[in-house]
Every structure is written in C-alpha cells, then in structure tokens.
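Structural description and commentary
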Amino acid sequence: AFGVIADIQFADAEDGHDFGGCRRRYYRHSLRLLREAVREWAGESPPISFVLQLGDSIDGQNARRGEAESALQQVLEVLGQLSVPVHHAWGNHELYNFSRARLVHTGLYSRPAGGSDGPPDTECHAYHCSPAPRLRLVVLDSYDTSTLGRDPGSPRYQESLRVLREKNTNDDLNSPEGLKEPHFVAFNGGFSQAQLDWFDEVLKFSDENQEKVIVMGRHGCVVCVLAGHLHDGAYCQDLHGVHHLTLEGLIETPPDSNAFGTVHVFEDKMVLKGRGRIPDRVMHF
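Cut-offs and rules
Residues numbered from 1 in each chain as written. Predicted model: local features only at pLDDT ≥ 70, side-chain atom pairs only at ≥ 80, totals over all residues. Heavy atoms only, no water. Pairing = 2+ DSSP bridges. Helix = DSSP H or I, 4+ residues; strand = E, 2+ residues; numbered from the N terminus. Axes fitted to C-alpha atoms, helices over the stretch in contact; angles between N-to-C directions. Contact = heavy atoms within 4.5 Å. pLDDT = per-residue confidence, 0-100. Parallel < 35°, antiparallel > 145°, perpendicular 65-115°, else oblique. Left-handed = near helix turned anticlockwise from the far one by under 90°. Nonpolar A, V, L, I, M, F, W, Y, C, P; charged D, E, K, R; others polar. Buried < 20%, exposed > 50% of the residue type's maximum accessible area, 1.4 Å probe, protein only. Polar contact = N/O pair within 3.5 Å; in protein donor to acceptor, adjacent residues only side chain to side chain. Expected span 1.5 Å × (residues − 1). Arc of directions from axis to C-beta. Salt bridge = Lys/Arg side-chain N within 4 Å of Asp/Glu carboxyl O.

**Looking at the sheet that holds strand E10 (residues 234–237)**
In space, the six strands of this open sheet follow the order E6-E7-E8-E9-E11-E10, with mixed pairing throughout. Pairing within the sheet leaves two strands with one partner each, and these edge strands are strand E6 (127–132) and E10. On average, each strand axis in the sheet is inclined to that of its neighbour by 15°, with strand direction left out of account. Sheet topology places E10 next to strand E11 (residues 243–246); four bridges connect them, and they run antiparallel. Along E11, the bridge assignment pairs cysteine 236 with histidine 244. Contacting E6, strand E7 (135–139), strand E8 (212–214) and strand E9 (222–227), helix H7 (residues 193–208) runs over the sheet at an angle of about 175° to E7.

In structure tokens:
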C-alpha cells in the first residue's frame, strides 16, 4: 500500500483563484489538509510502504514573495513526520521557485544517491526502485525538456524554446489560444530523448522479469500511470489496458474536505481508497 497526493501548492497567503479567475485556491489551508493526510497515512492498516507526492508542492507565488525556501521547508517538515520514504515528482511550480540546480540540493530530490538508478544526467529527476517483489516504481521527470528552471544560456533551454516557438505562435507562450496542440505551452514540459531511452531500458528489464510497473504505458509490464497537474482529476484506461489516473489537486480543495488517497496493490488489481474529492477506484490488471 502507498499514499498518493498531488498539487499541494502551499503558500502562506490568503485564498485566491486560478488564472481564469473562477476557481478558488486555498493556499494556506493546503498545509493543514496535508497534515490530515499524513496523520491518516500513519494510521493505515496494513501500513503504507511509501508516499507519492505528484508535484507542485508549493505555489509559484512564493518566489515573488521571497518565501520559496520557507514554504518548502514547511511542506517537507509535515511530510517528514512519516516513517516511510516520500517520492517527489517535480512540477512547474517547483521550477517557478527554484532552478533545477537548486532543486537537486533540496528535500524534493528523492532520486537515490549515486545516480545508478536514474539517467546519467544527475539534474534529471528520474529514477526507479522496487518497493515490493515483482513491483517497480518509475518516477519520471516530465520537465526534463522545458524552459522552466533552466539557465537561458544553456543548450537545453534553447532547444526547449525552439520547440515551443515552433508549436506555439502566440506572443504569450503560456497561452494555448488557437493551437492545434494546446499542450505546447511554457507551463508544461516534456521528456528528453536520453530520459526516454533510459526509461525504455528500465521497462525492458521489467518485461523480462515479469514485474508490474507503476508509471506510464510503453511496455506490457506497465499497469498504471499516476500524475497530478490537472486539478480536476481524470481517469481512463487506454487500449493497452493501462490505467491512467490523475489526482484531484489539494490546492482547490475546500478546508472542510480533502484530496488524497491510499493505493493497495494486489496480484491482479490496484484499489484506490480515496478521501474527500478523490473517489474510490478499482483498477484490474
């Protein structure tokens, strides 16, 4: 069993709204809801083995307020009360607050020391581990190719900007207006070829060893993809039978509710026990 949570986006700030101005965001309350999640995970039976924090742990406004370090510290202190590992994904809001070079030296860098479980590029926050026999978790870095968190003079930044401008002709690169491929905006990211090649090798290993893999679908071993970023949440099962589950964002959860879950893994299925906005779900293999 393991815990899942997404889009905490904590800031010590009054409630606000999304970019469209119509959805309320509960910046300060998200830390209290995280504490509730940690307390419930600590009491789970059977006990959980780890927690997945699916990105955007603090809100981008912390950078403007000069509070990025303190906000991150408060989130990590709450998660640090757990007696199990926490695997962190990096989202756009982490990269609004910190450069990739800085993130490597924070508690959000959960890639194992030594780099043997990830790509050669140690600033790429991708890695894999086996939390139980015949089960493998792969954490991908979905902003490996992005203008966020990169030095504007670096080759990776320039290549990311070239792709963005090729796909997005708007003056505002965060605007999807009129685009045939609306996901090509600056607040999204992508995978480098080097990361995809590494990922392919990890999944080949799992194919050969008859493991089940939690991440994303390219091989027969993959059973589930877990993600955040889309605060509404979403679910589908693709044509290959892979379950794609995006969690509802904690940041848009009213103080009297919550949005986290516990996933129980069995030989033939995964069972999500959701809390608050997140519904229960059974995902058969």
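Next comes the rest of the description.
**Side note on the sheet that holds strand E14 (residues 281–284)**
Pairing in this open sheet of six strands is mixed, and the strands run E5-E4-E1-E12-E13-E14 from one edge to the other. The open sheet terminates on both sides in strands that have one partner only, identified here as strand E5 (86–88) and E14. Neighbour-to-neighbour, the strand axes of this sheet turn through a mean angle of 20°, independent of strand direction. Both strand E1 (residues 2–5) and strand E4 (residues 50–53) contribute to a ladder of four bridges, which runs parallel. Paired with glycine 3 across the bridge in E4 is valine 51.

**Concerning the confidence of the model for the protein chain**
Any residue range with low pLDDT should be treated as having predicted coordinates unsuitable for detailed reading. Summing up the model confidence of the protein chain, the mean pLDDT is 93 and the portion of residues at 70 or higher is 98%. Averaged pLDDT values over the elements of the protein chain bottom out at 91 in strand E2 (residues 16–17) and peak at 98 in helix H3 (residues 68–79).

**Some words on the packing of helix H1 (residues 29–42) against H3**
Relative to each other, H1 and H3 sit at 15°, their axes nearing to 9 Å. As far as their axial angle goes, H3 and H1 are roughly parallel. Crossing handedness for the pair H1 and H3: right-handed. Contacts between H1 and H3 involve Leu31, Leu34, Arg35 and Val38 from the former and Gln74, Val75, Val78 and Leu79 from the latter. Considering only residue class, the contact of H1 with H3 consists of six nonpolar, one polar and one charged.

**Overview of the environment of arginine 100**
Counting through the fold element by element, arginine 100 comes out in helix H5 (residues 100–103). Its relative accessible area of 0% is what places arginine 100 among the buried residues. Residues arginine 100 and glycine 149, 49 residues apart in the sequence, show an inter-C-alpha distance of 5.2 Å. Beyond its immediate sequence surroundings of up to four residues, arginine 100 is in contact with Trp90, Leu95, Glu123, Cys124, His125, Asp141, Tyr143, Asp144, Leu148, Gly149 and Arg150. For arginine 100, the side chain forms a polar contact with the side chain of aspartate 141, separated by 2.2 Å.

**Things to note about H1**
For H1, with 14 residues, the first-to-last C-alpha span of 20 Å sits near the 20 Å given by 1.5 Å per residue. Restricting attention to buried positions, one finds in H1 the residues Ser30, Leu31, Leu33, Leu34, Ala37, Val38 and Trp41. All buried residues of H1 fall inside an arc of 160° around its axis, so they share one side. The exposed set on the far side of H1, more than 90 degrees from its buried face, consists of Arg39 and Ala42. Buried-residue contacts for H1 involve E1, E4, H3 and strand E12 (259–265).

**Focus: the pattern of salt bridges**
For the coordinates displayed, the defined rule picks out 24 salt bridges. Note that aspartate 15 and arginine 24 form a salt bridge whose closest N and O atoms lie 3.4 Å from each other. Looking at arginine 24, the relative accessible area reads 40%, which means it is partly exposed. Note that arginine 162 and glutamate 166 form a salt bridge whose closest N and O atoms lie 3.0 Å from each other. With a gap of four residues between them, arginine 162 and glutamate 166 both fall in helix H6 (residues 155–167), about one helical turn apart. Classification of arginine 162 as partly exposed rests on a relative accessible area of 42%. With a relative accessible area of 53%, glutamate 166 lands in the exposed category. Where salt bridges share partners, they join Arg23, Arg25, Asp232 and Glu252 into one cluster.

**So, unusual backbone geometry**
With an omega dihedral of 0°, the bond running from serine 45 to proline 46 counts as a cis peptide bond. Relative to the elements of secondary structure, proline 46 occurs in the loop between H1 and E4. Notably, histidine 229 is not glycine yet its phi reads approximately 85°, a positive angle. As for its placement among the helices and strands, histidine 229 is situated in the loop between E9 and E10.

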